[in-house]
Amino acid sequence: MSWAGPDDIFLSTSLATYLDKKLLVLLRDGRKLLGLLRSFDQFANVVLEGACERVIVGDLYCDIPLGLYVIRGENVVLIGELDLEKEELPSHMTAVSAAEIKRAQKAEREATDLKGSMRKRMEFLDFD
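Note that the structure is predicted; figures quoted are calculated from it, not measured.

Novice: Give a detailed account of the overall build of the chain, specifying residues and quantitative values.
Specialist: Of the regular secondary structure elements, the chain holds 1 helix and 6 strands. Mapped in sequence order, the helices and strands of the chain form the string β-β-β-β-β-β-α. A total of 128 residues make up the chain; the buried ones form 23% of that total. Within the chain, residue pairs in contact and separated by at least 24 positions form 48% of the contacts whose partners lie at least 6 positions apart. Of the roughly 9,600 Å² that the chain leaves accessible, carbon and sulfur atoms contribute 55%.

Quick look at the structure:
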């Protein structure tokens, strides 16, 4: 096994390599934020410029603009650079308005809740 040398800047673990680049930040609550990394600190608190929240429900998506956004480091699960030359989403995804995506989220949440309540009701059958 060989170790990275000083010339291997692509293997750096510092967020400094991502400054002024478009990033995807996955948060602990499942939200996905996109934006330009403008600043960070030793606690992984980050500042995104031109941030937007990407909401995906099935084949629908919406980018909700947030502007300048500060994210507390303890909420960050993953940070990754986006390749601007590649298409960000598959071609089958459809862009919709914020109101439409909120309705889709609500319907998905209700379906999940119903599935969970049905499972609880059927536990007495003990199919395991």
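We are not done yet, so read on.
Novice: Please provide a residue-by-residue account of the nonpolar core, values included.
Specialist: Among the nonpolar cores identified, the biggest contains 11 residues, and these are L15, L23, V25, L27, L33, L37, V46, L48, A51, I71 and V76. Secondary structure elements with two or more residues in this core: β1 (22-27), β2 (32-40) and β3 (46-57). Excluding residues within four positions of it along the chain, A51 makes contact with L34, G35, I64, P65, L66, G67 and Y69. By size, the runner-up hydrophobic cluster in this structure holds 7 residues, among which are V55, V57, V96 and A104.

Novice: An account of the side chain of E53 is requested, with residue identities and associated values reported.
Specialist: One can find E53 in strand β3. The buried charged residue E53 lacks any salt bridge partner; its closest oppositely charged side chain belongs to R31, at an N-O distance of 4.5 Å. Setting aside residues no more than four positions away along its own chain, E53 makes contact with R31, K32, L33, C62, D63, I64 and L66.

Novice: Describe the pattern of salt bridges, and please don't skip the residues or the numbers.
Specialist: Across all of its chains, the model carries 5 salt bridges by this definition. A salt bridge links E49 to R38; the nearest nitrogen and oxygen atoms lie 2.3 Å apart. Of the two residues, E49 is situated in strand β3 and R38 in strand β2; the sequence distance between them amounts to 11 residues. Judged by relative accessible area, E49 falls into the partly exposed class, the value being 36%. Where E74 meets R72, a salt bridge forms, and the shortest distance between an N and an O atom there is 3.3 Å. Via salt bridges that share partners, D20, R38 and E49 belong to a single interconnected network.

Novice: Could you give me a rundown of unusual backbone geometry, with the residues and numbers involved?
Specialist: Glycine aside, residues mostly have negative phi, and peptide bonds are mostly found in the trans state. Positive phi outside glycine occurs at D20, with the angle close to 65°. As for its placement among the helices and strands, D20 is situated in the segment before β1. Positive phi, close to 70°, is recorded for A44, a residue that is not glycine. You can see A44 is positioned in the loop between β2 and β3. Classification of A44 as partly exposed rests on a relative accessible area of 24%.

So, how was this worked out
- Residues numbered from 1 in each chain as written.
- Predicted model: local features only at pLDDT ≥ 70, side-chain atom pairs only at ≥ 80, totals over all residues.
- Heavy atoms only, no water.
- Helix = DSSP H or I, 4+ residues; strand = E, 2+ residues; numbered from the N terminus.
- Buried < 20%, exposed > 50% of the residue type's maximum accessible area, 1.4 Å probe, protein only.
- Contact = heavy atoms within 4.5 Å.
- Areas by Shrake-Rupley, 256 points an atom, 1.4 Å probe, with all protein chains shown as cover.
- Core = buried A, V, L, I, M, F, W, Y, C linked by side-chain atoms within 4.5 Å.
- Lys, Arg positive; Asp, Glu negative; His and termini not counted.
- Salt bridge = Lys/Arg side-chain N within 4 Å of Asp/Glu carboxyl O.

The values are spatial; any link to function lies outside them.
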